Structures are given as structure tokens and as C-alpha cells.
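The residues making up each chain are set out below.
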Amino acid sequence: MGDILIVDDERDIRELIADILRDEGYGIRLAPDSDTAMAEINADPPALIILDIWLKGSAMDGIDILMTVKRSNPDIPVVIISGHGNIEIAVAAIKQGAYDFIEKPFNIDQLLVVIGRAMEASRLRRENVELRRRDVVETDMIGNSPAFRTLKSQLEKVTKSNGRVMLWGPSGAGKEMAARFIHANSGRAEGPFVTVSAASIEPARMEEVLFGRESAGRGIEQGLLEQAHGGVIYLDEVADMPPGTQSKILRVLVEQQFMRVGGSDKVRVDLRVISSTTRDLKAEIAAGNFRQELYDRLNVVPITVPSLEERREDIPELARHFIVQLNRSQGLPARELSEEAKALLQTTAWPGNVLQLRNVIERVLILGDSNGAIRAQELQGEGGNSDEPGRIVMSGGLATLPLREARELFEREYLLTQINRFGGNISRTANFVGMERSALHRKLKSLGVVTGNANGPNRKPDAAEESEA
């Protein structure tokens, strides 16, 4: 049923409570003084503590022990007992986090009721935390492109360590998903995952949000660092952190401890730190906006999260994943993607990356038909739709060119788009466009498209561009 630590300097009281609780099926540990009590708590935190306020000959009294326990083990319920109880002591104990206060001589039935309620409240708290962890966010990594496989390989390697990771990449590329993947597949998977969104926290409140605070009126309020104890703290867009907070975070990384705002005691934490940024932190350091020492501490293992542009092959699979996900979570229709829709998604620019793709899929499922495959017309912008099958919208620039130049420009851009769509794979491109591989090479050469370099296909500069160079 649970392990209870009884801390009381009177042997008769300790033994009496112990005998009663053993009869109820509880495991029992006994401590006659503060040193023994703290040794028991540090060795193996109990499920509940029954704590006398007055401990003769001890270095700490009950309130001191209570405060220490609530700093390092806030989830352990503490029931205070005292033969010298008064309203002031009871209020002080409750403000410091005690579950309840019982005055000696106590009623056995009352004690059992309080202990039962405290144990149940503690169990429910643990279950709620566990449910929130399970339900928080899916950590599936979706994709099979070379850029994605490289990313996943790097992430899998860092799950085996406790090193600090810096995730680099554009907005919406999936940096938080990558951080959650590390957490879910690491030895800290059972611990919390706490996100610090530096950009959304007011600079004036940053330290209070991170470190928590202590006050006479409200007692102890945990900050995000304390809530992440035993798990992962994810610093999202770390470049937005105020300079003053940067120095204090640096100290936490070095010492693994800090003081709450308004507090005087140090709080020790066990954390793994994962951070992310969309910015060039070296430029921020040169501009005096980011501390070099903090950069060095956070950037132990840098990992780049690729943009959606770099992994176009994954777009149909990602889109299908979002359709299934939205069907389960919101009951939106589980529609298929037509081949034309897949092609359009793969050839569209995605400045918002994976997040933008998800938003587009959600919008189409909400506003589109409830059945049938998703058509390309549903994915086009308002000016890109056409009611006539087989028609495409021609750009103004293309419409001003003679037929031969327009055809060459269209062929060049069409083939470049297809090559990019298939990750630079000429064989797959040739198969899709319906050409022999050798014929495609000849066509690309005639159009001035150079392939085979590390940066993918490019077109050759024309004569006017070469003369300008």
C-alpha cells in the first residue's frame, strides 16, 4: 500500500503509530531525529511522512525538514503532528506545503482518515502527471528522404547519452518534435518534458517563470526548472532569452542548482537540457546579444533539422500522417490524396515548413468535401483554382513570351521542379515524366540545366549573365 516514514523524538509515539499503520498494511520506517529522517528520505523517498514539529536534540525541527522535503521531493505528502499545536504553527505548516496538521493526543481514526486521504491525493497526482505525459504529443518521426534519415540517425545516437543538444533549423521544421523524440527514447522517458518558450515569456517575468518564487503569503511556487526535475527542459528559441537570465541559466548548467525568486535556500535539480534556435547564434554573440559561455554549454551536440524544402519526398507521407492524426483527434474526414494533389504539395513552396503543411491539410479537411480524394484544386490558393479540367493558371511573365521561349522556360522550370521533388534522383524523375534517362540528360543539357553537384540541379548562366560576371 505504500511506505510511510514516521519522524518523532518520542519512542512510544513512534511505536504506537507504527503498530497501527502496520495493521493497516503499510510499510513503516522510523526516525527519532532529523539526521536519521533526512538520511532515510535521501536514500529512498517514502510515499508519505508523519512528522513531529518538535524534535529534541536535532539539528532541524519539523518545519525545517518540511521545507527541505518540499524543495527536493515536492510530491511527498507530509502530515504534521505536535503536542504543542496552535493555530499559528498549523498555518505555518500548511503554508510550507504540509498536507494536514494533527494535534497530540490524536484520535487514531482521525489519523487513519488523514493518512488515507493524503496517500490517495498523492496517488491521483502521480497518475494525472503520468496521463499528461502519455497524452501530451506524439513523438512519431515521419519520413524516408536522405535528409530525414540523416536527422533521425543523429537523434537516435544522442538518446543514448545525457549530453546537451542544440537543434538548429527554420521555424516550423519540427525542432520540438525532434526534442520530444530524444526524450521519449532516452533513459529519462518516464520523467517530465517541460518546454520553456522564451519568445512568449515577458522578460520581466522570465526568472520567476524559470526559477519559481517564495513569499510569505503564497508559500513556495515551483518554476519550470523545478518542474522538469528528473527529465528534460526544452529551451525553445533560446536566442530570445534576456541577457540577465542567460547568466543565471549558465550558473544552473554549471551547478545544477538555483534559488527561487524571494528565496534563500538553493534548490538542486537533475536536468537534461535541449535547446533550439532559428538564428545564427554566432552572429548574436558578435552583436552582444548572446553569451559565448552559454553557447558553449548548450551547443555540445549541434543537430540541424532540415526544412521541408530539403525533404520534399516526405511530403505525401507527412500529409497522410496528418490526415490520420486529425481524424483521430478531431473527427475530421479520413480522405485520401489524389496523385495530382500529391504532386502539387511536393512542388509548392513551404516557408512555414511542416507546421504550414499541417495547417493546410487541416484547413482542407475542415472546409473541403467530407468524402472522396483530396483534389489539387482544393490545395491551390484562391487565385489558382480553375473550374475547367486540364486548365492551368499562366503567370503574367510567361504569357508575354513567344511560344518557343515560353516552351523552353516551362520545360526548364518543370524539369527542375520534378528533379527537386524527387530529391535529385534522375532515374525517378525520368520515370515520372515519361522519358528515357539518357533522353532526360540530353534535354537537361539543351536547357542549360547542370546536374550531379552537391547542391542539386542548377541552370547554366546565359551569355548576358556571363558577360556581367
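Placed above this text is the structure.
All values derive from a computational prediction rather than experimental measurement. (Residues numbered from 1 in each chain as written. Predicted model: local features only at pLDDT ≥ 70, side-chain atom pairs only at ≥ 80, totals over all residues. Heavy atoms only, no water.)

J.: Explain the nonpolar core here, please?
T.: General note: in soluble globular proteins, nonpolar side chains tend to be found buried as a group. Counting 33 residues, the largest nonpolar core has Leu-225, Ile-233 and Leu-298 as the members making the most contacts within it. Within the residue set of this core, elements represented by two or more residues are β6 (165–168), β7 (193–197), α8 (206–211), α9 (224–227), β10 (232–236), α10 (243–255), α11 (281–286) and α12 (292–298). What Ile-233 contacts, discounting residues up to four positions off in sequence, is Val-194, Val-196, Leu-224, Leu-225, Ala-228, Leu-271, Arg-272, Val-273 and Ile-274. With 23 residues, the next largest nonpolar core counts Ile-361, Val-364, Ile-374 and Ala-376 among its residues. (Core = buried A, V, L, I, M, F, W, Y, C linked by side-chain atoms within 4.5 Å. Buried < 20%, exposed > 50% of the residue type's maximum accessible area, 1.4 Å probe, protein only. Helix = DSSP H or I, 4+ residues; strand = E, 2+ residues; numbered from the N terminus. Contact = heavy atoms within 4.5 Å.)

J.: Would you mind going over the sheet that holds strand β3 (residues 48–52) with me for this structure?
T.: Remark on secondary structure: sheet strands pair via backbone hydrogen bonds, oriented parallel or antiparallel. An order of β2-β1-β3-β4-β5 is seen for the five strands of this open sheet, with the pairing classed as parallel. Both outer strands of the open sheet, β2 (27–31) and β5 (100–103), are each paired with one neighbouring strand and no more. Strand-to-strand, the axes of this sheet are offset by a mean angle of 20°, without reference to chain direction. When β3 meets strand β4 (residues 78–82), the two strands line up parallel, connected through four bridges. Note that in β4 the partner of Leu-51 across the bridge is Ile-80. Contacting β3 and β4, helix α3 (residues 62–72) runs over the sheet at an angle of about 155° to β3. (Pairing = 2+ DSSP bridges. Axes fitted to C-alpha atoms, helices over the stretch in contact; angles between N-to-C directions.)

J.: What should I look at first to understand the pattern of salt bridges in this one?
T.: Considering all chains together, one arrives at 27 salt bridges under this definition. The partner of Glu-214 in a salt bridge is Arg-260, and the shortest N-O contact between them spans 2.7 Å. Of this pair, Glu-214 sits in strand β8 (residues 213–215) while Arg-260 sits in the loop between β11 (257–259) and β12 (266–268), and the two are 46 residues apart along the sequence. Residue Arg-279 pairs with Asp-240 through a salt bridge whose shortest N-O separation is 2.2 Å. Here Arg-279 is found in the loop between β13 (272–277) and α11, whereas its partner Asp-240 is found in the loop between β10 and α10, with 39 residues between them in sequence. Residue class for Arg-279 comes out partly exposed when judged on its relative accessible area of 29%. (Salt bridge = Lys/Arg side-chain N within 4 Å of Asp/Glu carboxyl O.)

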